[in-house]
Number of protein chains: 2
Amino acid sequence: MFVDKLIEKIKEKKNPTVAGLDPKLEYVPEFVMKKFLQKSEPVLKAASEAIYEFNTVIIDSIYDLVPAVKLQLAYYEMYGHYGMECFMNTIRYAKEKGLIVIADGKRNDIGSTVEAYSSAYLGEVSVDKIKSPVFDADALTVNPYLGFDGIKPFLDDCKNYGKGIFILVKTSNKSSNQLQDIKTQDGKLIYELVAEYVKEWGSSITGKYGYSSIGAVVGATYPKEAQALRKIMNNSYFLVPGYGAQGGTAKDAAANFNSDGLGAIVNASRSIMCAYKSEKWKNLYDEHSFASAARAEVIDMRDKLRDALN
Amino acid sequence: MFVDKLIEKIKEKKNPTVAGLDPKLEYVPEFVMKKFLQKSEPVLKAASEAIYEFNTVIIDSIYDLVPAVKLQLAYYEMYGHYGMECFMNTIRYAKEKGLIVIADGKRNDIGSTVEAYSSAYLGEVSVDKIKSPVFDADALTVNPYLGFDGIKPFLDDCKNYGKGIFILVKTSNKSSNQLQDIKTQDGKLIYELVAEYVKEWGSSITGKYGYSSIGAVVGATYPKEAQALRKIMNNSYFLVPGYGAQGGTAKDAAANFNSDGLGAIVNASRSIMCAYKSEKWKNLYDEHSFASAARAEVIDMRDKLRDALN
């Protein structure tokens, strides 16, 4: 079961950090880019190969420290099918290193279409009676706007393949209030209503630590809301984006955890991938030591989260 | 401007039908599948090549009759990067035939991530100072759950590249009521609130026929709601799924149009792609005449829509 595997990795690494592999091209060191621009055409292919190298070197440098990585699909789709091949290969590489992989695609649809998404990212696709996994991530982020019809096929694959989903509940951006913070006639906020659905939808897929494989995305920039949501979804795992570069602190993120120190994973992307360029680390590292800078930031973040949780 | 181009194509073909290219493998005739299974490995590649052939033969058979096609991304993503290459090539082929192409991906995210999606599907991606279009569709479907932060980068590309988006407002599935039909404290339904946002967000990008390039997805299975939404979003183009196989009739779909006969495009996928297998056409066509069956269904649908609109 996904959530049990996740919790065991978190305990093993003593770290609830998810390293976000959201490889904007400006993060990739120039010497890496140059190598692939000389080697491959078209440029979309060269970019995808450079990103794959960048990703794998970072993974090599941090896989012993973190339980999971999260790949933001948009940064792969933007290089077309080359990017999607890089996405697939990065997932495979991360899994070989023992990491849990979350595909951040915020997918949503209904009926057989959502089944197709689920097969692509979590389950298997059948062609000529041969079943093949495709991207084969461990979990996928999902958007709830279409209701349970858009969730059910994912639930089935979570059960059949030991996978998980994280449903958007409250996002970390400012305009999330335009829909998510609307008060309903019953006095509830929309994101509280979605939280209740997440709790309900996940109730049939609970693991041995009492948590469900159906989790929630809850932005780290809203710690007050996080505490309220923690009460509604007491046994859902939270995926918390917004740490570091997006303004969330370890203390903000801590509001998402239960008193058992479990219940949340905290994602940081830019602050890790781009540590070598940051004010904090750039005096110690340069583009040739980007992987060491990423490692230093991961250790720093882990220690700050540990402090905030104690 | 996207919406003007769309309206002109609709007027030229006298038809507001969008042919949905949602190629489930069970739709692809066996003789086509066999050919590619013998030719290519792995099976995901063979499936993608078979789908490309199926798509292009259908496009050849109907491009003079319809203004636009809609590609549901899930049915391409499910074959991995091979499927995404097929998606890209199908878009290119359809555009060469003069068709408008809508990518149905219901994408959603914030900040630079949504910029990446927008670059991938509507705009251009910059690598080594070279700007390349990637999938280069004319329009993309988008999910509104994250508010305006998730829409703004698409708006910019709609302006810069003459593209469009269709924002989910009211979907055709049963459980769409779990979120979309919730009544707010102001007595509005959530989908009505989203409709007001769509109207507002699209107001700065209105074309010469008075319509905006920022449209809405409104399910054909709810004609009453469609009429109410028509009033709120009087100058938004509606993308209406759910015709045919999903249970919507031409009369249901007609509720989405304005009195000028414009304002909506009606999508049908299975009823066209799979016409050769349907009760309605299977006595006249077989798998070898699948393209003729698709053409017959497109003509029948066009005529039914014309009748319902008169």
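Just so it is clear, the model here is predicted, and its values are computed rather than measured.

> Tell me about the sheet that holds strand 9 (residues 236-240) of chain A, and please be specific about residues and values.
Hydrogen bonds between backbone atoms are what pair the strands of a sheet, whose relative direction is either parallel or antiparallel. Residues and elements named next belong to chain A. Around the barrel, which closes on itself, the 8 strands sit in the order 1-2-3-6-7-8-9-10 with parallel pairing between neighbours. Put simply, the sheet's adjacent strands are angled 30° from each other on average, direction ignored. Here strand 1 (residues 17-21) pairs with strand 2 (residues 68-72) via 4 bridges, running parallel. The partner of Leu21 across the bridge, within strand 2, is Leu71.

> Give me the lowdown on the confidence of the model for chain A, citing residues and values where you can.
Confidence in the prediction for chain A averages 96 pLDDT; 99% of positions are at 70 or higher. Under the prediction, the complex receives an ipTM of 0.97, its pTM being 0.98.

> Report on the relation of the copies chain A and chain B, specifying residues and quantitative values.
Its rotation angle being 180°, the transformation that places chain A on chain B also includes 0.0 Å of axial translation and leaves an RMSD of 0.0 Å. These values place the two chain copies in the arrangement generated by a two-fold rotation axis. A high fraction, 98%, of the interface residues of chain A reappear at the interface in chain B, so the copies pair face to face through one surface.

> Describe the pairing of strand 7 (residues 164-170) of chain B, listing the residues and the values that go with them.
Residue and element names in this part refer to chain B. Of all the 7 residues making up strand 7, 7 are buried; the element is thus mostly covered by neighbouring parts of the structure. Two elements, strand 6 (residues 139-142) and strand 7, share 4 bridges in a ladder whose sense is parallel. For Leu140, the partnering residue across the bridge sits in strand 7 and is Ile165. Following the chain from strand 6 across helix 7 (residues 152-161) to the adjacent parallel strand 7, one finds a crossover that is right-handed. Relative to strand 8 (residues 212-218), strand 7 runs parallel, the two being bridged by 5 bridges. Its bridge partner lying in strand 8, Leu168 is registered against Val217.

> Kindly report on the interface of chain A and chain B, identifying the contributing residues and their values.
Contacts between the two partners involve 61 residues from chain A, matched on the other side by 60 residues from chain B. For the side of chain A that touches chain B, the secondary structure elements donating two or more residues are helix 3 (43-62), helix 4 (74-77), helix 5 (80-96), helix 6 (111-121), strand 4 (124-127), strand 5 (130-133), helix 8 (177-180) and helix 9 (190-201) of chain A. At 7 residues, the largest contribution of residues to the side of chain A that touches chain B is made by helix 6 of chain A. The residue inventory of the side of chain A that touches chain B, partitioned by class, reads 33 nonpolar, 19 polar and 9 charged.

What counts and what doesn't
- Residues numbered from 1 in each chain as written.
- Chains lettered and ligands numbered in written order.
- Predicted model: local features only at pLDDT ≥ 70, side-chain atom pairs only at ≥ 80, totals over all residues.
- Pairing = 2+ DSSP bridges.
- Helix = DSSP H or I, 4+ residues; strand = E, 2+ residues; numbered from the N terminus.
- Axes fitted to C-alpha atoms, helices over the stretch in contact; angles between N-to-C directions.
- pLDDT = per-residue confidence, 0-100.
- Least-squares fit on C-alpha atoms with pLDDT ≥ 70 in both.
- Contact = placed C-beta atoms within 7 Å.
- Buried ≥ 20, exposed ≤ 12 C-beta atoms within 10 Å, placed from the backbone.
- Right-handed = clockwise from strand over helix to strand, strands pointing away.
- Nonpolar A, V, L, I, M, F, W, Y, C, P; charged D, E, K, R; others polar.

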